Amino acid sequence: MTTTPEVKISRNLLHTWIPSVVAVLAVIGALILKSHIPGGELRAVATIFMFIALSQAWNIIGGFAGYASFGQVVFFGMGGYFTAVVMLKYHFSFWVAMPLSGLFAAVFAMLIGLPLLKLKGHYFAIATLGVAEGMREVVINLPDLTGGGAGISVPIAGTFAKTQYLGDGGFYLLFLGLAIFSVGIGTLVSRNKFGYGLRAIHQNEDAAAAVGINTVRSKVMAYGLSAFMTGMVGASYVFQQVTIFPERLFDVEITVLMIMMVVIGGSGTVIGPLLGALGLQFISEYLREHFTSGHTFILGLIIILAVILIPQGLVNYIREGRRTKQYSLLTNIRRYRL
Amino acid sequence: MDTFLQVTAYGLLQGGLLALVAVGFSLVWGIMNIVNLSHGAFVILGAYIAWEMQSWFGLDPFLGMFVSAAVLFCIGYVIQRYLINLIVNGPVFITLLLTFGINMIFIQSMNLIFTADFRSIQTSYGSNSLKIGAIHIPVVRLLAFLLAILISFALVAFVKRTRTGLSIMATGMDRGAARLMGIRARHVYAITFAISAALAGMAGTMIATIETFDPAKAGKFTLMAFVVAVLGGLGNLYGALVGGLLIGLVESWAGQYLSGTWVNGIAFLVLIIVLIFRPNGLVGKAFYAARVEL
Amino acid sequence: MKKNSRSFVAVTAAIGLVMLGVNYAPVANAAGTLTVSIGASVPLTGSLAKEGLLTKEGYQFCQTKVNAVSLFTIGGKSIKLDITYQDDTSKPDLAAQNLSKFNDKGMKLILSSYGSANVNAQAAVVELNKQTMVDSGGADDNIFNKGYTRTFNVMSPASEYASSMVKAINDLARPKPVKFAFLSADDGFSKTVTAGGIKTAKALGFTTMDPQYFPNATSDVSAALNKIKADKPDVIIGSVHFVEGVALIKQSKELGVQPQSFAETVAPPILEFASTLGPLAENVLGSSQWTSTTKGRDKYFGTAANYATEFAAAFGHEATYHNAEATAACLAMVMSIEKAKSIDADKVQAALKSLNTMSFFGTIHFDSTGQNSSKPMSVIQIQKGKIITVWPRISAQAKMIWPYAK
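## What about the overall build of chain C?
A count of helices and strands for chain C gives 12 helices and 18 strands. Over its C-alpha atoms chain C spans a radius of gyration of 23 Å, differing by no more than 12% from the 22 Å that the globule rule assigns to 406 residues. Projecting the C-alpha coordinates of chain C onto the three principal axes gives extents of approximately 70 × 60 × 40 Å. A sequence separation of at least 24 residues applies to 69% of the contacts in chain C between residues at least 6 apart.

In structure tokens form, the structure reads like this:
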């Protein structure tokens, strides 16, 4: 899969005003929607927004730079635990704790990024996975600070609760905000020099270095930025959940979901992860509610079908289709099969 | 001293079991660059088949494992030939998604067919141990350990000495060139994946004899295979063995001399340190690491 | 293209949300019956699928029985239970979200999920939504020390799990053992269990060794066994789940660790324990929330023995304590509805607070934190492959075999 054509296309389109208008309309739509659905649905939609933000964050390091962070959930977990600890032990307001959690995750990412980003391909993937699994063990083994396996609770009532619990509507807005923020960052990155540098690294790192891109700095920055967004989402998730446990906060399945959403939607694009997160989360939620015992089975089938029919991701499929005027799925299968 | 020897012996045996789980995973990854997230589900399926064999026909697990291997060989062949082959030329991480989907289906099917009961294969020699001085060597673990070593050597011999093995290796090195030489890549890929699944089935049988299993455990085995394969390094068929033994020893020593709750943490720390200083794993080849891009 | 995808997003979202939103009709009134809609989010997939299924069976059995006999009326209408199930895939966030969705549909009465993490997440949501929940699957004390007032747990508290076995050994084991070793998983629940057990052992004058911890759900506990082996404990008490519990017995044999007796929480009363371990399971002690000889009766299920018989006839397998816990939670809900003469969540909550009754599950009486702390636990022993109640003495089916016979 090459990324050259998509750069060209996005240039043409991004200079028009249409996407911005659609984006504004989508946000207004989301705000109108808020007053029309009840609390539990708000919570479900907030989860969709959460995954939009998470997949955008992953896309920066995994999609643009091509470094598949298989342990991305570590930033989610560390951001979350940072917020829980400072809110519980030091009585921070959530609004202070959340950005600090992002920074905390970003600094951590840049520190581990320096050695780890030298690794290539699967080895980078597995090393980051090791970090995530290892950090979960650290959290479990520091019960005085983190509550360990017994979990930890954010104060939502009483004198130490500095920030009032946001409620279903409040979290809907919070996660919507994070989704908008992350899509904004993603759009910025995809359009500016930094983003082109990352794409160059993705295609050929040696060549990128040869044309004067500081590859180490770009990669570390991208990792930090990605971790910053993931950490803030983790912080918000913790506040929403109130009581958290290390198993869920460092759950490798969350990473797998981020990757799936990005890859199914179209990695290395902004709209792809957005569509992937929306579609996948919506489908899985719908199936879970309507097929209580068989939902994972059906979801598995849908994933297999999606992957076989459009392995390059939805957005890249449409782009290739526009370029070649060829939308047939059979041709598409022929293109990628052995 | 006795304690040290006991802990070391036990760690090595545990490592052998890990190696057994990882060897097929490492093969598929090394040759075809496919990260098979359904590997753990294959292991569990192998365990269930051997369990059923014992409960229906009273078949000893050391014979039952060949039934598991045979069934999984067929399943593996079909999955690679008619599913994974369809997207081999797609972006690399796409196989990850496909196998994740396969994994979901397998696990839910096992949940429904076998129920989510905990199971374990009972044998008359189950938890017996050989005593060497004050050291206890559990018999079944020892056999599983020997099996891991035997399989590693047999795999190397197969790849280096047989026609099919050579074509597997050739396809792994350069698929295009291999096809030009008349190797049927589709078939070779399917055979490779089938062997990997068969090995997972054997590993599952050993797991079932030594521990307990249920479908929810599949993810744990995939993760273990992942870690062990990378630690050893790709592109070397002894990689899984080396990685498995190292992790087994490290966990065993850490549990004894540090704290019982830190064992997993220490294992991952070792993984990260090894990767930082030996970016291709302990005995891996650089070629297999470098060719991978998303 | 960009434009198309964006509008596609909006349209999909809109259609989707409408589809998600429909179909929440209020409580339907057929003539002469009052339907009580109860929400139950249980893990049917994921790591707790097995326990989740047992919990669901317990709830289903309760619904069938209660609807069949229809023993009381409210405003002249007889009560019909209608329990809606949702899968939470063993994840706390979904367990909580499911409750909010139930709340959207006007379901204010809740039967809990399984597992301390799931129930912990649910308890917070129940409080915010002003729902009322009876808990059958989360016993960790830290659910009940947060000041929540709308979650009620029918089980004996976590601190009783190991403690009851220490008391039973003190009461029945002759010659009396001296030295206890506690081995424990490192999750919150298991640690609470261990702390409770050590406290009781010390109070009764036993010698206790430093507890050894291992990772939750591990299948290798050899390190902990190697560490205690040299000190030759008389009793090994494992605060474990099924997987660690089986590993502890198997690996003790492998490593030649031979105390007078093993005692484990949670694992031995699970049917597969004896079948998995075969002869190795013989004489292992376990603690159980319920057995078929638990004392007490109620008007729906009769005695524990009646419950066991009828449950086995309905589901084709023996009733486990997970089944009984779930049924008991549902029963507590029903009895409180009867007492409150209302299905209003606040009134049921008030009735639960003052509920004090006997049942097939033993005493149901919630203390100020919402726990059923006055209910004793039973101690069982695997004897000839069967789960036999040996303590408390009044419900014992056989004498405790002591010491551990090889």
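The rest of the description comes next.
## What to know about the sheet that holds strand S2 (residues 73-74) of chain C
Residues and elements named next belong to chain C. Spatial strand order, S2-S3-S1-S4-S5-S6: 6 strands in an open sheet with mixed pairing. One side of each edge strand has no neighbouring strand; the edge strands of this open sheet are S2 and strand S6 (151-153). Note that strand S1 (residues 33-42) and strand S3 (residues 77-87) share 10 bridges and pair parallel. Residue pairing across strands places Gly39 opposite Thr84, the latter belonging to S3. Against the sheet, helix H12 (residues 345-354) makes contact with strand S4 (109-111), strand S5 (132-135) and S6, and its axis sits at roughly 40° relative to S5, the strand it touches most.

## Overview of the interface of chain B and chain C
Contact residues are listed per partner, giving 28 residues for chain B and 31 residues for chain C. Counting residues per element, the ones that place at least two in the side of chain B that touches chain C are helix H1 (2-32), helix H4 (94-113), strand S2 (135-138), helix H10 (239-257) and helix H11 (263-277) of chain B. Counting residues per element, the side of chain B that touches chain C draws most heavily on H1 of chain B, at 5 residues. The class makeup of the residues in the side of chain B that touches chain C is 7 nonpolar, 17 polar and 4 charged.

## Details of helix H11 (residues 215-241) of chain A
All names here are of chain A. The end-to-end C-alpha distance of H11 is 38 Å, a good match for the 39 Å that 27 residues give at a rise of 1.5 Å each. Within H11, 23 of the 27 residues are buried, leaving the element largely enclosed by the surrounding structure. Positive backbone phi, approximately 70°, marks Val242, located one or two places after H11.

## Remarks on the pairing of strand S17 (residues 378-383) of chain C
Residues and elements named next belong to chain C. Across the 6 residues of S17, 5 count as buried, placing the element largely inside the fold. As paired strands, strand S12 (residues 285-288) and S17 are joined by 4 bridges and run antiparallel to one another. If you follow Ser288 over to S17, its bridge partner there is Ser378. Across 5 bridges, S17 lies against strand S18 (residues 386-391) in antiparallel orientation. Bridge assignment links Val379 to a residue of S18, and that residue is Trp391. Connecting S17 to the antiparallel partner S18 that follows it, the hairpin turn spans 2 residues, and Lys384 within it adopts a positive phi of roughly 50°.

## Let's talk about the environment of Tyr82 of chain B
Residue and element names in this part refer to chain B. You can see Tyr82 is positioned in helix H3 (residues 61-82). Judged by C-beta crowding, with 12 C-beta atoms within 10 Å, Tyr82 ranks as exposed. Sequence spacing of Tyr82 and Ala190 is 108 residues, and the spatial spacing of their C-alpha atoms is 8.8 Å.

## Points about the confidence of the model for chain C
Predicted coordinates in regions of low pLDDT should not be interpreted in detail. All names here are of chain C. Confidence along chain C averages 89 in pLDDT terms, with 92% of residues attaining 70 or more. Considering only residues more than four positions removed or in separate chains, one finds that residues 1-28, a stretch of pLDDT under 50, has 44 contacts. Both scores are available for the predicted complex, with the pTM at 0.89 and the ipTM at 0.89.

## Notes on the interface of chain A and chain B
Contact residues are listed per partner, giving 43 residues for chain A and 43 residues for chain B. Elements represented by at least two residues in the side of chain A that touches chain B include exactly helix H6 (121-140), helix H13 (252-265), helix H15 (295-309) and helix H17 (329-336) of chain A. Looking at the side of chain A that touches chain B, the element that brings in the most residues is H6 of chain A, giving 13 residues. Its residues assigned to classes, the side of chain A that touches chain B comprises 27 nonpolar, 11 polar and 5 charged.

## As for the domain arrangement of chain C
Residues and elements named next belong to chain C. Here the domain parsing of chain C yields domain 1 (28-156 + 293-365) and domain 2 (160-288 + 378-395). Taking only C-alpha atoms into account, the centre of domain 1 sits 30 Å from that of domain 2. Taken together, the 12 residues of domain 1 in the interface contact 12 residues of domain 2. Class assignment of the residues belonging to the side of domain 1 that touches domain 2 gives a composition of 2 nonpolar, 6 polar and 4 charged.

## Some points on unusual backbone geometry
Trans peptide bonds make up most of the peptide bonds, and negative phi angles are found at most residues other than glycine. Arg174 of chain C connects to Pro175 of chain C through a cis peptide bond whose omega is -5°. Its location among the elements puts Pro175 of chain C in the loop between helix H5 (160-172) and strand S7 (179-185). Trp391 of chain C connects to Pro392 of chain C through a cis peptide bond whose omega is 0°. By the element assignment, Pro392 of chain C lies in the segment after S18. Here the phi dihedral of Asn33 of chain B falls at roughly 65°; this positive angle occurs in a residue that is not glycine. Tracing the backbone through its elements, the reader meets Asn33 of chain B in the loop between H1 and helix H2 (39-57). In this structure Asn33 of chain B comes out as partly exposed when scored by C-beta crowding, with 18 C-beta atoms within 10 Å. Backbone geometry at Thr89 of chain C places phi at a positive 50°, although glycine is not the residue there. Locating Thr89 of chain C in the fold gives a position in the loop between S3 and helix H3 (92-104).

## A word on the packing of H1 of chain B against helix H9 (residues 218-232) of chain B
Residues and elements named next belong to chain B. In contact at an axis separation of 8 Å, H1 and H9 are set at 70° when each is read in the N-to-C sense. In this view, H1 runs roughly perpendicular relative to H9, as classed from their interaxial angle. When H1 is examined against H9, the residues Leu18, Ala19, Val21, Ala22, Phe25, Ser26 and Trp29 are found in contact with a partner set consisting of Phe221, Met224, Ala225, Val228, Ala229 and Gly232. Residues belonging to the contact of H1 with H9 are distributed by class as follows: 11 nonpolar, 2 polar and no charged.

## Focus on the packing of H2 of chain B against helix H8 (residues 185-210) of chain B
In a packed pair of helices, the relevant descriptors are the angle between the two axes and the axis-to-axis distance. Residues and elements named next belong to chain B. Interhelical geometry of H2 versus H8 gives an angle of 60° and a closest axis separation of 7 Å. With respect to their mutual orientation, H2 and H8 come out oblique. The two elements H2 and H8 meet at a crossing, and its hand is right-handed. Taken together, the residues of H8 that come into contact with H2 (itself represented by His39, Phe42, Val43, Ile44, Leu45, Gly46, Ala47, Ile49, Ala50 and Trp51) are Ala197, Ala200, Gly201, Met202, Ala203, Gly204, Thr205, Ile207 and Ala208. Residues belonging to the contact of H2 with H8 are distributed by class as follows: 14 nonpolar, 5 polar and no charged.

## Comments concerning the nonpolar core
Formed by 350 residues in total, the largest nonpolar core has its most connected members in Phe49 of chain A, Leu20, Ala22 and Val228 of chain B together with Ala332 of chain C. Looking at which element gives the most residues to this core, the answer is H8 of chain B, with 17 residues. Excluding residues within four positions of it along the chain, Ala22 of chain B makes contact with Met224, Ala225, Val228, Ala229, Ala240, Gly243 and Gly244 of chain B.

## Things to note about the confidence of the model for chain B
All names here are of chain B. For chain B, per-residue confidence averages 89 on the pLDDT scale, and residues scoring 70 or more make up 97% of the total. Within chain B, the element-level pLDDT minimum falls on helix H12 (residues 286-290), averaging 58, and the maximum on H3, averaging 96. Considering only residues more than four positions removed or in separate chains, one finds that residues 290-294, a stretch of pLDDT under 50, has 16 contacts.

## What to know about helix H4 (residues 73-89) of chain A
Helix length check: H4 of chain A (17 residues) gives 24 Å between terminal C-alpha atoms against 24 Å at 1.5 Å per residue, within 8%. One or two residues past the end of H4 of chain A sits His91 of chain A, with phi positive at roughly 55°.

## Comments concerning the environment of Ala305 of chain C
Residues and elements named next belong to chain C. Within the fold, Ala305 resides in helix H10 (residues 304-315). Taking the C-beta count within 10 Å as the criterion, Ala305 has 14 such neighbours and is therefore assigned partly exposed. Considering only alpha carbons, one finds Ala305 and Ser288, 17 residues apart in sequence, at a separation of 15 Å.

Reading the values: the criteria
- Residues numbered from 1 in each chain as written.
- Chains lettered and ligands numbered in written order.
- Predicted model: local features only at pLDDT ≥ 70, side-chain atom pairs only at ≥ 80, totals over all residues.
- Helix = DSSP H or I, 4+ residues; strand = E, 2+ residues; numbered from the N terminus.
- Rg over C-alpha atoms; globule rule 2.2 N^0.38 Å.
- Contact = placed C-beta atoms within 7 Å.
- Pairing = 2+ DSSP bridges.
- Axes fitted to C-alpha atoms, helices over the stretch in contact; angles between N-to-C directions.
- Nonpolar A, V, L, I, M, F, W, Y, C, P; charged D, E, K, R; others polar.
- Expected span 1.5 Å × (residues − 1).
- Buried ≥ 20, exposed ≤ 12 C-beta atoms within 10 Å, placed from the backbone.
- pLDDT = per-residue confidence, 0-100.
- Domains from an automatic or database assignment.
- Parallel < 35°, antiparallel > 145°, perpendicular 65-115°, else oblique.
- Left-handed = near helix turned anticlockwise from the far one by under 90°.
- Core = buried A, V, L, I, M, F, W, Y, C linked by C-beta atoms within 7 Å.

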